[in-house]
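Chain by chain, the residues:
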Amino acid sequence: MENLLTIAIGAILVNNIVLTRFLGLCPFFGVSTRLRNASMMGFAVIFVMTASSIITWAIYQYLLIPLNMEYMRLVVFILVIASFVQLTAIFVRKHSQRLHRAFGIYLPLITTNCAILAVVLINTMVKEYSLLETIVNSVATGVGFLLALVLMAGIRERLDLADPPGAFRGLPIAFVSAALLALAFQGFGGMLL
Amino acid sequence: MKEGTKLVVSPSPHVKDAISVRGIMSAVIVALIPATVSGIYLFGLHALAVIIASILSAVGTEFVALKLMGRKFVMDGSAVLTGLLLALCLPPTVPLWMPIVGAAFGIAIGKCAFGGLGHNIFNPALVGRVFLALSWPALMTRWVTPFDAVSTATPLAKGFGSVPIFDLFVGNVAGCIGETSALAILIGGAFLIAMRYIDWRVPLFYIGTVGFLMLFLGQNSILDASDLDSLVEVGKESLFHMFAGGLFLGAFFMATDYVTTPMTKLGRIIFAVGAGILVVAIRTVGGYPEGVAFSILIMNGFTPLIDRVIKPRVYGTKRGFVGGG
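Residues numbered from 1 in each chain as written. Chains lettered and ligands numbered in written order. Predicted model: local features only at pLDDT ≥ 70, side-chain atom pairs only at ≥ 80, totals over all residues. Heavy atoms only, no water.

Colleague: Just give me the short version of the overall build of chain A, but keep the residues and values in it.
Modeller: Each helix and strand counted, chain A has nine helices and zero strands in total. Ordering the α and β elements of chain A from the N terminus gives α-α-α-α-α-α-α-α-α. Principal axes of the C-alpha set define a box for chain A whose edges measure 60 × 45 × 25 Å. Looking at chain A residue by residue over its 193 residues, the buried ones come to 52%. Put simply, 78% of the contacts in chain A that link residues at least 6 apart link residues at least 24 apart. Just so you have it, chain A exposes about 8,700 Å², and 69% of that area is on carbon and sulfur atoms. Within chain A, the 7 negative side-chain charges are centred at a point lying 13 Å from the centre of the 12 positive side-chain charges. (Helix = DSSP H or I, 4+ residues; strand = E, 2+ residues; numbered from the N terminus. Buried < 20%, exposed > 50% of the residue type's maximum accessible area, 1.4 Å probe, protein only. Contact = heavy atoms within 4.5 Å. Areas by Shrake-Rupley, 256 points an atom, 1.4 Å probe, with all protein chains shown as cover. Lys, Arg positive; Asp, Glu negative; His and termini not counted. Charge placed at Lys NZ, Arg CZ, Asp CG, Glu CD.)

See below:
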């Protein structure tokens, strides 16, 4: 049993899903051009991540393990994640056309987002967390994703005014900024509470 | 055309001063002379070689990068300052290729790739320093005592009580070339504050936050202090954490960088307090003995958000509650 606070700090800062594990990079670069869209994307990911973690945890513990069908986990997990993504997509389309356009392809892409699948797998396979630990880890990982996304959006809005050389304009300088941000986040390495 | 008949149409600012980038950079470099001299005095000629190598590499890299970008190279002193700052936060034992590589990385990736001075998000000297620290951790943690150069650990790695506070203040301890002497940095920093080149709030709130939190979170907590002696110990430990490591150099010369820190006074206070909290967090529960470089880099990443939330008052609008009639 790990301390819940350790799990939370670990998932938000020490093992930040984007800046330390380098997962979920597609939405990280795809939707970080504007701060508003970035924070909305962050909240969407927190929702999908938490909801699918709870459902997959239950399915894994009470269906797959008793039936010795762990090998089916990837298929089942992605199906669960896809359902929640579809739910989010319907909700966003109903409530904000503008946001729906801004998310574009990146919202359905959460389905195969490695970040969410990674969290689900960490919860069930790698760490074998209890339900409470699973919820804490999923929410914290999502908050870490939101933090990275919002930081990146702030930086990219400022970079709009910068004057990088031609080869670095646009996505390349965003990658360079993300790399330097990841360098800075190494300062959290080894932090234990 | 005669002067006075010429009508100049230009966007604001209309009132101009003689302050230039070159002037500010020169002042900061002058302010770093006490720290530089004390570093060379304490750690010998190799420290001087490290400083020269770092400055030459920074200027050379900027020259080459700007040429490749097809832009004009201006000797505005910013690259000299980056090189000097990087050298001052390196251990005195580093082989000479390290300042060269670090300064080149900091200038090329941390500054020129973003479009040069004024566009970079992160402090180039710290980008170089953290790059070196993460790439060659063993070489970046070889410390020696001043004067006789015997291998030892830094006061922060050894912990509170390992060195007298007075030695820590004047710099007679192991550490980075220009970081050990809080006194020398204070002299330069006071000069910059007196000349109004840097905001006094940043070092005050940065160092103050570290000192204040260490009253509670150090080995001797003020909450456990029962008598006068233990209170003195708590105060001493707080002073120890303020003077040890790179906090003074970072607070006066890196957290006050114009480009990579917030524009408003309130924003700069938030920056300084945030960096202070990060330093305490890294020193007490983190994986490194020292966290000044990381704390400033992380807060550099937060700077665009701080500037977005805290905006300068538009001239002519109400000034808070003062005179709000």
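Colleague: Report on helix 4 (residues 78–88) of chain B, specifying residues and quantitative values.
Modeller: Residues and elements named next belong to chain B. Judged by how many residues are buried, helix 4 sits mostly within the fold: 11 of 11 residues are covered. Buried residues of helix 4: Ser78, Ala79, Val80, Leu81, Thr82, Gly83, Leu84, Leu85, Leu86, Ala87 and Leu88, and no others. In the core, the buried residues of helix 4 are packed alongside helix 1 (21–31), helix 2 (33–43), helix 3 (45–68), helix 5 (97–108), helix 6 (124–135) and helix 12 (247–254).

Colleague: Can you tell me about the interface of chain B and chain A, naming the residues and giving the values?
Modeller: Contacts between the two partners involve 34 residues from chain B, matched on the other side by 31 residues from chain A. Here chain B packs against chain A, burying approximately 2,600 Å² in sum over the two surfaces, 74% of which is carbon and sulfur. One can count three salt bridges joining chain B with chain A. Where chain B meets chain A, there are four residue pairs in polar contact (both at pLDDT 80 or more). (Buried area = accessible area lost by both parts, 1.4 Å probe. Salt bridge = Lys/Arg side-chain N within 4 Å of Asp/Glu carboxyl O. Polar contact = N/O pair within 3.5 Å; in protein donor to acceptor, adjacent residues only side chain to side chain.)

Colleague: Please provide a residue-by-residue account of the side chain of A:Arg156, values included.
Modeller: Residues and elements named next belong to chain A. Examined against the element boundaries, Arg156 turns out to sit in helix 8 (residues 131–159). Asp160 provides the closest opposite charge to the buried, salt-bridge-free Arg156, at an N-O distance of 6.6 Å. Ignoring anything within four residues of it in the chain, the contact list for Arg156 reads Phe29, Ser32, Thr33, Leu171 and Ala174.

Colleague: Provide a residue-level description of a nonpolar patch on the surface, including the pertinent values.
Modeller: Residue and element names in this part refer to chain B. Taken together, the side chains of Phe212, Phe216, Leu217, Ile222, Leu223, Leu228, Leu231 and Val232 define a hydrophobic patch exposed on the protein surface, amounting to about 770 Å² of accessible area. Those elements that place two or more of their residues in the nonpolar patch are helix 10 (201–217) and helix 11 (228–243). Here Phe216 shows up in helix 10. (Patch = residues over 30% accessible without salt bridge, like charges linked within 9 Å, V, L, I, M, F, W, Y side chains within 5 Å.)

Colleague: Break down the packing of aromatic side chains for me, with residues and values.
Modeller: Residues and elements named next belong to chain B. Counted by the stated rule, this structure contains 17 aromatic pairs over all chains. Ring geometry for Trp97 versus Trp136: centroids 5.1 Å apart, planes at 75 degrees, classification edge-to-face. With a gap of 39 residues between them, Trp97 in helix 5 and Trp136 in the loop between helix 6 and strand 1 (143–144) connect regions that are remote in the sequence. Residue Trp97 is classed as partly exposed on the basis of its relative accessible area, which comes to 38%. Given the relative accessible area of 30%, Trp136 is considered partly exposed. Taken together, Trp97, Phe105, Phe131 and Trp136 form an aromatic cluster joined through their ring pairs. (Phe/Tyr/Trp six-rings, centres within 6.5 Å; stacked < 30°, edge-to-face > 60°.)

Colleague: Tell me about the nonpolar core, residues and numbers included.
Modeller: Counting 147 residues, the largest nonpolar core has A:Phe28, B:Tyr206 and B:Phe253 as its most contacted members. Those residues in contact with B:Phe253, other than ones at most four positions away along the chain, are B:Val28, B:Ala31, B:Leu32, B:Leu85, B:Ile185, B:Gly188, B:Gly189 and B:Leu192. The next biggest cluster of nonpolar side chains, apart from the first, holds six residues, and it includes A:Ala11, A:Tyr129, A:Val136 and A:Ala140. (Core = buried A, V, L, I, M, F, W, Y, C linked by side-chain atoms within 4.5 Å.)

Colleague: Run through the packing of helix 1 (residues 4–14) of chain A against helix 8 of chain A, naming residues and quoting values.
Modeller: A pair of packed helices can be characterised by two numbers: the angle between their axes and the separation between those axes. Residues and elements named next belong to chain A. Two elements in contact, helix 1 and helix 8, have axes separated by 7 Å at closest approach and are oriented at 30 degrees. In terms of their interaxial angle, helix 1 and helix 8 are classed as roughly parallel. Crossing angle aside, the handedness with which helix 1 passes helix 8 is right-handed. Where helix 1 approaches helix 8, its residues Leu4, Ile7, Ala8, Ala11, Ile12 and Leu13 are matched on the opposing element by Leu132, Glu133, Val136, Asn137, Ala140, Thr141, Val143, Gly144 and Leu147. Among the residues making up the contact of helix 1 with helix 8, the classes are represented as 11 nonpolar, three polar and one charged. (Axes fitted to C-alpha atoms, helices over the stretch in contact; angles between N-to-C directions. Parallel < 35°, antiparallel > 145°, perpendicular 65-115°, else oblique. Left-handed = near helix turned anticlockwise from the far one by under 90°. Nonpolar A, V, L, I, M, F, W, Y, C, P; charged D, E, K, R; others polar.)

Colleague: Would you mind going over the environment of A:Gly154 in detail, with residue names and values included?
Modeller: Of note, A:Gly154 is situated in helix 8. For the pair A:Gly154 and A:Ile173, spaced 19 residues apart in sequence, the C-alpha to C-alpha distance is 14 Å. Once residues within four sequence positions are removed from consideration, A:Gly154 is found in contact with A:Leu35, B:Pro304 and B:Leu305.

Colleague: Residues and numbers for the pattern of salt bridges, please.
Modeller: Under the definition given, this model contains nine salt bridges over all chains. Put simply, B:Asp307 and A:Arg158 hold a salt bridge, and the shortest N to O gap is 2.8 Å. With B:Asp307 in helix 14 (residues 292–309) and A:Arg158 in helix 8, this residue pair bridges two chains. Looking at B:Asp307, the relative accessible area reads 7%, which means it is buried. Its relative accessible area of 25% is what places A:Arg158 among the partly exposed residues.

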